[in-house]
Structures are given as structure tokens and as C-alpha cells.
Amino acid sequence: MSVNRSNYEKIIGELTPSKTTLVAVSKIKPLSDIQTLYELGQKDFGENYVQELIEKAEALPTDIRWHFIGHLQSNKVKYIAPFVHLIQGVDSEKLLAEINKQGKKNNRIINCLLQVHIAQEETKFGFDADEVSALVNKITSGGSVFDNVNICGLMGMASFSDDMQKVKSEFETLSELYKTLQSSIPSFNTLSMGMSGDYELAVECGSNMVRIGSLLFGVRN
Ligand SMILES: *Cc1c(COP(=O)(O)O)cnc(C)c1O
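Here the structure is a predicted model, which means the values were calculated and not measured. (Residues numbered from 1 in each chain as written. Predicted model: local features only at pLDDT ≥ 70, side-chain atom pairs only at ≥ 80, totals over all residues. Heavy atoms only, no water.)

A. Seen up close, the site of the ligand. Looking at the ligand, there are 13 residues lining it, with K27, S196, G213, S214 and R220 nearest. S214 is positioned such that a nitrogen or oxygen atom in its side chain is 2.7 Å from an oxygen atom of the ligand. Contact between the ligand and R220: an oxygen atom at 2.8 Å from a side-chain N or O atom of the residue. With the chains in place, 91% of the 390 Å² that the ligand exposes on its own is no longer accessible. At the level of secondary structure, the elements contributing two or more residues to the shell around the ligand comprise β6 (149-157) and β8 (209-212). Looking at the shell around the ligand residue by residue, the classes come out as six nonpolar, four polar and three charged. (Near = heavy atom within 4 Å. Polar contact = N/O pair within 3.5 Å; in protein donor to acceptor, adjacent residues only side chain to side chain. Areas by Shrake-Rupley, 256 points an atom, 1.4 Å probe, with all protein chains shown as cover. Helix = DSSP H or I, 4+ residues; strand = E, 2+ residues; numbered from the N terminus. Nonpolar A, V, L, I, M, F, W, Y, C, P; charged D, E, K, R; others polar.)

The structure is reproduced here in C-alpha cells:
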């Protein structure tokens, strides 16, 4: 499968009025597909695997903003710290501390989103609402100092379900949490939720960043 240009244009048209950022999820897809979408004007791309991200970043234009959206192991942060634009799946304080350390080494401030577990499925990574609130309180009260990370907001994935009522209530829960935390962390400006199957609903519920793969690049094997 190659890039679905008409879906891309449709999605951009839908997201532009609400200024929602589209992250094109290019995991497992070839360089040529990313290049094609880049030439249509797309600058934000999301990857799930460290090694794949490094290889793609080396080969492709340097003004691409690379989002790491997968589960990141602490010992791999160092490989992406020099260039990554946004690490979306921060799911522990330990990982945040390592990103901070690597940010310092690279003399940069690394943008991060805290991943919140909103789906009922047990396997998803992330903080629960109480844990994320506790971490934010700890940081805002000076209990943990991370000078080389910029915590921009939250990221979440809803259940894989046809029950749109359920998906909607998960998005609303995350959106409420985001608004609550935003009042204590002024740097919060990003709520990343919504994928190919549910992005319209996510935007209705307050998302301002969607991560879309299969609608743009075709289904993954
Ligand atoms: C793969 C992936 C996506 C994109 O999924 P699609 O259903 O193909 O749009 C979005 N977010 C995360 C975290 C992913 O791993």
C-alpha cells in the first residue's frame, strides 16, 4: 500500500478549523511513503520503535518533527534524545528522570507527554489518573525537579471497541483530567488522543493532537 492522498487531504481539512495537530504514524512503513507525505506538507511523524526511528531520521529531511509514540525503555532514551521532538508515552517517573538526564547531556529541553491509562484493557502502559495527579503535584511543589524536560500534556489510547459510548466516556475522562492539571501546570498545551478509528470523536472530546497511521498509509501487516 502507498500513501492515501485523498484521506490525507480529507483529514487535514477536518483538523484545520480546530487547529488539531496531525501526527502521521509511519511505523513499519517505508521511507518512500514518509517522503511522499512530507512533500504534501506533512511535518509531524510518529514512530514506535527506537532503532527504526533512528534509521528513518538519518535518511529523511531534518525539519521533520519526530514523535516517539511507543513504549520507551529507559536504556534507549539516549539514542533519540539528541533529536526527538516529542516523547508521547512517558509512563513512569523513572523514565521521566532518564529523559531529563539525557536532555541535560544534549543541552536541550525535551518535550514529553504523560501517558494515562484510560482503556479498560489491562495491557496498556501508562499512569492511572491518581498516579499522574500525584506526579504533577510532586513536580509543581518542587518535590522532583526536571529542568531538561517540558511536560506539555497528556496522551491516551481508548479501548479497541465498537462501543463508541465507551470510547467517548474514556476520552471525556482524559479530557477532564487534562483540564484539571492544566490549571496547575501552565506548560500544558497538548492533549494527544485519537487514532484512525476514533479521531473524530477524540477531537469532539477536546483532543488537539491525533495520531493516525492506517488511514494514511494503509493497514499494517
Ligand atoms: C500505531 C499507533 C497509532 C496509529 O494507529 P492507527 O489505528 O493505524 O491510526 C496511534 N497511536 C499509537 C500509540 C500507536 O501505537
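B. Just the environment of S169, in detail. With respect to the secondary-structure elements, S169 resides in helix α7 (residues 164-182). Accessibility expressed as a relative area gives 38% for S169, which makes it partly exposed. In this structure the C-alpha to C-alpha distance between S169 and I118, which are 51 residues apart in sequence, comes to 9.4 Å. (Buried < 20%, exposed > 50% of the residue type's maximum accessible area, 1.4 Å probe, protein only.)

C. Broad picture of the pairing of β8. Alternating residues of β8 divide into M209 and R211 and V210 and I212, and every residue in both groups is buried. Two elements, strand β1 (residues 21-25) and β8, share four bridges in a ladder whose sense is parallel. Within the sheet, the bridge partner assigned to T21 lies in β8 and is M209. (Pairing = 2+ DSSP bridges.)

D. Representation of the side chain of N148 in the model. Tracing the backbone shows N148 in the loop between α6 (129-140) and β6. Take N148: its relative accessible area is 12%, and that puts it in the buried class. Leaving out residues up to four positions away in the same chain, N148 has contacts with N100, G103, K104, R108, I109 and I110. (Contact = heavy atoms within 4.5 Å.)

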